[in-house]
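# Inside the fold
Listed here are the chains, written in short residue letters.
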Amino acid sequence: MTESLPVTPGLHRFNGGIRFVHREDASTHEPIASLPLPRVLVLPLQQHIGEAAIPCVKVGERVLKGQLLAEPKGYIGAPIHAPTSGTVIEIADRPIAHPSGLTAPCITLEVDGEDRWTEHRPIDSYRELDRSSLRNRIRDAGIVGLGGAGFPSAVKLNPGPSRKIHTLLVNAAECEPYINCDDMLIRERATDIVAGIEIALHCIDAPRCIIGIEDSMPAAHAALQQAITQTAATNIDIVVVPTVYPTGGEKQLIKVITGQEVPKDGLPADIGIVCHNVGTLYAIARAILHGEPLISRIVTVTGKGVSKPRNLEVLIGTPIRELIEFCGGYTERVSRLLLGGHMMGFALHSDDLPVVKAANCILAGTPEELPEPGKAGPCIRCGMCEQACPVNLLPQQLYWYTKAKDFDKTREYNLFDCIECGCCAYVCPSEIPLVQYYRYAKTEIRNAERERQKSNIARERFEFRKERLEREEREKAEKLRQRKEALAQKTADDDGKKAAIQAALERVKAKKATQEEKQD
Amino acid sequence: MFAAIIAITLLAAAFGLLLGYAAVRFKVEGDPVVDQIDALLPQTQCGQCTFPGCRPYAEAIAAGKADINQCPPGGEATIQALADLLGREAKPLNPDNGTEGDKMVAVIDENVCIGCTLCIRACPVDAILGATKQMHTVIADECTGCKLCVEPCPVDCISMEPVGETLETWRWPFPNKPEIIPHIQVTGGHHKSGTYD
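Worth saying up front: this structure is predicted, and the values here are computed from it rather than measured. (Residues numbered from 1 in each chain as written. Chains lettered and ligands numbered in written order. Predicted model: local features only at pLDDT ≥ 70, side-chain atom pairs only at ≥ 80, totals over all residues.)

Our focus in this paragraph is the overall build of chain B. Secondary structure summary: chain B contains 5 helices and 6 strands in total. The buried share among the 197 residues of chain B stands at 26%. In chain B, once contacts between residues fewer than 6 apart in sequence are set aside, the share between residues at least 24 apart is 53%. (Helix = DSSP H or I, 4+ residues; strand = E, 2+ residues; numbered from the N terminus. Buried ≥ 20, exposed ≤ 12 C-beta atoms within 10 Å, placed from the backbone. Contact = placed C-beta atoms within 7 Å.)

Right, here's the structure in full:
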């Protein structure tokens, strides 16, 4: 047990959550280590929320470290850069870390080992830069939320003119037990994080910043405090929050610190708050002050299934296998490999998958740590799930309606507000895999919605075609009618001419007859 | 006695006029039931229901000329939705109309295509691109998988292929099914199984 910090008084709390028994993680014993250059890097084109990036390099092209490999498509998107120098050897579908085990388009880079940088473009005095160009620099650096969601950071730093931001909230609370990449980052690189905070404050024009840190992170707290004192910033405060899972959730942290709730379907910016993870702020500082795009991140490699748990600084695209090997390989008792923690992570099908921007933890677990799920018993309606839900949902109702496939009802019960934190399933005495049900229902609903849109398009096209065929038919009929009329007209005209000739002939005849009569 | 009869008659006449006026004034254009049924149909326009398209089938259902179990692409889900809408009992798909299968997309073998345009004329949603004596191709995103283009092709160069699963269309399986347990291959020769969560 480590000693914990005194919690800042006057805080609020969210419903439920889980207070795990705090234990010191073995992965924090050693400092962050940099992984040696891997032989090959695999960079998925979609590592963020939004549309996949579009490659702007060709197979066979030599690239330098930090060079742009893929450009963002659309406003919500992020570019991808070369994590080291090398040659692009493939742009094709490769397996990625996803619960489905499916493949996705990736750029594969063969590392040349020189690690040669492209030209850096650091900004010395960012305060003189206008906000929009500063945001564009952050966007061009490919920075996305490193807390796990992977939302493009530049979009978050642009709340729009209608929303006045009063607070930048820095999320220094770890996502869940096992994960401590943020803790280690703060301990070792607090100065850069504070620099990142100042850049973000300038970007959103906010007067103050609150850092929310958990009471189980005294070393990180001390490092931050020191960094703040060094910069002599007066508008950055540290708030110590109790370590209750899932305080690391954005909306939960806002609730704990301000007592306010983010409106349904709304953003923190709607209540004047912009929230960023410490890892993201560190990346912002590197991008602006050093001109380095986001090409690496800190990953916690932990669990009893790995020999030497540790935090590693890893190039994006490094195969997970190499992280495990660096940490001394698997132990005998390893049973499962998770991306993320044991609450929200998902099991990987293989360890030959690349690390992506949002990957914060690799958990190699033993059967004791990650027990095989027991056979789910029947729901006994105890209501413990509802007491544990940090979003105030009714997990039991959602479960029943999902089981009955009554998806309209699940929507009525705010299924899409579920953050899939797993608290309900964790406390369920019947061991019902509740989150599984919600994930199932969510994808079913999204799929039905997509099908509906597709069928609407098909209907439109079908009706348009029908109309076009009818129009063509009408036009054809019209043409035919016109031709017939023209023909009739012509015949009529011909008849008229014939009649005139006849009449003329007759007149001549008559004339001749009268002349002959006269001669006679 | 007469006063009562007259009063009732007058009232009946007044309300009759009112109803008559309302019927004209608030007349509903089209048939909303047909629209509702049409909205539930998959819009494949395949004609397997024996009607020339989804809307005609919807009209036939509304008019009582067709049953609700004649749409193979919609399958169970559509039958259930139609049953709920119309307050009828759901019944299994009529095997005369076909069987429910995976979503398909038409693919033209472009090396074999002779550019006859017969498939273009058969496609109910204009999802085939091409011109006379030019190669044709299917716009995969617009193809409904109705198979109507397969029959007219004189050189048999159109095949129906299943639509592959992508990250966007992938769905979490219903819990407690054995296939949600992925087997992971970890280096060092361990081969163990694991599940999500």
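What follows continues from the structure just given.
With that settled, consider the overall build of chain A. From N to C terminus, chain A includes 12 helices and 17 strands. Radius of gyration (C-alpha) of chain A: 35 Å, far over the 24 Å computed for a compact globule of 520 residues. Overall, chain A is about 150 × 65 × 50 Å in size when its C-alpha atoms are taken along their principal axes. A buried classification covers 47% of the 520 residues belonging to chain A. (Rg over C-alpha atoms; globule rule 2.2 N^0.38 Å.)

Attention now goes to the pairing of strand β8 (residues 103-111) of chain A. As judged from the 5 bridges shared by strand β2 (residues 40-44) of chain A and β8 of chain A, these two strands associate in the antiparallel manner. From the neighbouring strand, L43 of chain A faces β8 of chain A, where its bridge partner is I107 of chain A. (Pairing = 2+ DSSP bridges.)

All names here are of chain B. For chain B, the average pLDDT comes to 85, and 89% of its residues sit at 70 or higher. Here strand β6 (residues 191-193) is the element of chain B with the lowest mean pLDDT, 37, and helix α1 (residues 2-25) is the one with the highest, 95. In this model, residues 187-197 is a region of pLDDT below 50 whose contacts with residues beyond four sequence positions or in other chains number 33 contacts. Scored as a whole, the predicted complex attains pTM 0.83, and scored at its interfaces, ipTM 0.80. (pLDDT = per-residue confidence, 0-100.)

Attention shifts here to the environment of R135 of chain A. Residues and elements named next belong to chain A. Tracing the backbone shows R135 in helix α1 (residues 131-140). A residue is classified by how many C-beta atoms lie within 10 Å of it, and R135, with 19 of them, is partly exposed. Along the chain, R135 and I457 lie 322 residues apart, while their C-alpha atoms are 37 Å from each other. Look past the residues within four positions of R135 in its chain and what remains in contact with it is A154, L157, N158 and C203.

Before going further, it helps to examine helix α4 (residues 218-231) of chain A. One full turn of an α-helix is made of 3.6 residues, so residues set three or four places apart face in the same direction. Residue and element names in this part refer to chain A. Between its first and last C-alpha atoms α4 spans 20 Å; for 14 residues at 1.5 Å apiece the expected length is 20 Å, and the two agree. Those residues of α4 that sit buried are A220, H221, A223, L224, A227 and I228. Taken around the axis of α4, the buried residues stretch over an arc of 165°, which confines them to a single face. Exposed residues pointing more than 90 degrees away from the buried face of α4 are listed as Q226, T229 and Q230. Buried residues in α4 make contact with β9 (167-172), α3 (181-204), β10 (208-214) and β11 (236-241). (Expected span 1.5 Å × (residues − 1). Arc of directions from axis to C-beta.)

This paragraph deals with the interface of chain B and chain A. Of the residues lining the interface, 31 residues belong to chain B; the matching set on chain A comes to 39 residues. Residue composition of the side of chain B that touches chain A, by class: 13 nonpolar, 12 polar and 6 charged. (Nonpolar A, V, L, I, M, F, W, Y, C, P; charged D, E, K, R; others polar.)

As a further point, take the environment of A97 of chain A. All names here are of chain A. Take A97: it is sitting in the loop between β7 (86-95) and β8. Classification of A97 as buried rests on a count of 23 C-beta atoms within 10 Å. Put simply, A97 and P44 are 53 residues apart on the chain and 9.7 Å apart in space, counted from C-alpha to C-alpha.

Residue and element names in this part refer to chain B. Contact pair helix α2 (residues 32-40) / helix α4 (residues 75-86): the axes reach a minimum separation of 9 Å and the direction vectors enclose 160°. When the axis of α2 is compared with that of α4, the two are roughly antiparallel. In the crossing of α2 with α4, the sense of the turn from one axis to the other is right-handed. Together, Q36, I37 and L40 of α2 and T78, A81, L82 and L85 of α4 make up the contact between the two elements. (Axes fitted to C-alpha atoms, helices over the stretch in contact; angles between N-to-C directions. Parallel < 35°, antiparallel > 145°, perpendicular 65-115°, else oblique. Left-handed = near helix turned anticlockwise from the far one by under 90°.)

With that settled, the discussion passes to unusual backbone geometry. A cis amide bond links Y245 of chain A to the next residue, P246 of chain A, at an omega of 0°. Structurally, P246 of chain A can be placed in the loop between β11 and α5 (250-258). A positive phi angle, close to 80°, is found at T50 of chain B, a residue other than glycine. With respect to the helices and strands, the residue T50 of chain B is situated in the loop between α2 and α3 (54-62).

All names here are of chain A. The 6 strands are arranged β1-β14-β13-β17-β15-β16 in an open sheet whose pairing can be described as mixed. Every other strand in the sheet has two partners, leaving β1 (33-34) and β16 (346-347) as the edge strands with one partner each. Packed onto the sheet, α3 meets β13 (296-302), β14 (310-315) and β17 (361-365) and runs at close to 125° relative to β13.

With that settled, consider the pairing of β14 of chain A. Residues and elements named next belong to chain A. Counted residue by residue, β14 has 5 buried out of 6 residues, so it is predominantly covered. The pairing of β1 with β14 spans 2 bridges and is parallel. Note that in β14 the partner of S34 across the bridge is E313.

Next up on the list: α1 of chain A. For α1 of chain A, the complete set of buried residues consists of L134, R137, I138 and R139 of chain A. Taken from the residues just after α1 of chain A, G142 of chain A is the one with a positive phi, measuring 70°.

All names here are of chain A. L168, V170, I197, A200, I284, V299 and L323 are the most contacted members of the largest nonpolar core, which totals 114 residues. Ranked by the residues each element gives to this core, the list is headed by α3, at 14 residues. Setting aside its immediate chain neighbours within four residues, A200 contacts L157, L168, H276, L281 and I284. One finds M343, C418, C423 and Y438 within the second-largest nonpolar core, a separate group that totals 26 residues. (Core = buried A, V, L, I, M, F, W, Y, C linked by C-beta atoms within 7 Å.)

It is worth spelling out the sheet that holds β10 of chain A at this point. Residues and elements named next belong to chain A. Here we have 4 strands laid out as an open sheet, ordered β11-β10-β9-β12, and parallel in their pairing. At either margin of the open sheet sits one strand with a lone partner, and together these are β11 and β12 (273-277). Each adjacent strand pair in this sheet contributes to an overall mean axis angle of 25°, direction not counted. As judged from the 6 bridges shared by β10 and β11, these two strands associate in the parallel manner. Each residue of the ladder has a partner; that of I210, found in β11, is D237. Along the sheet face, α3 touches β9, β10, β11 and β12 and points at about 165° away from the line of β9. Together, β9, β10, β11 and β12 form the strand contacts of α5, whose direction differs from that of β9 by roughly 115°.

When two helices pack together, their arrangement is given by the angle between the helix axes and by the axis-to-axis distance. Residue and element names in this part refer to chain B. For the pair α2 and α3, the least separation of the axes is 8 Å and the interaxial angle reads 130°. As far as their axial angle goes, α3 and α2 are oblique. When the axes of α2 and α3 are compared, the crossing they make is right-handed. Contact residues: V33, V34, I37 and D38 in α2; C54, R55, A58, E59, I61 and A62 in α3.

All names here are of chain A. Looking at where N360 falls in the secondary structure, it is placed in the loop between β16 and β17. You can call N360 buried: it has 26 C-beta atoms within 10 Å. Sequence-wise, N360 and T300 are 60 residues apart; in three dimensions their C-alpha atoms are separated by 6.3 Å. Setting aside residues no more than four positions away along its own chain, N360 makes contact with G148, C175, I179, C181, V299, T300 and G340.

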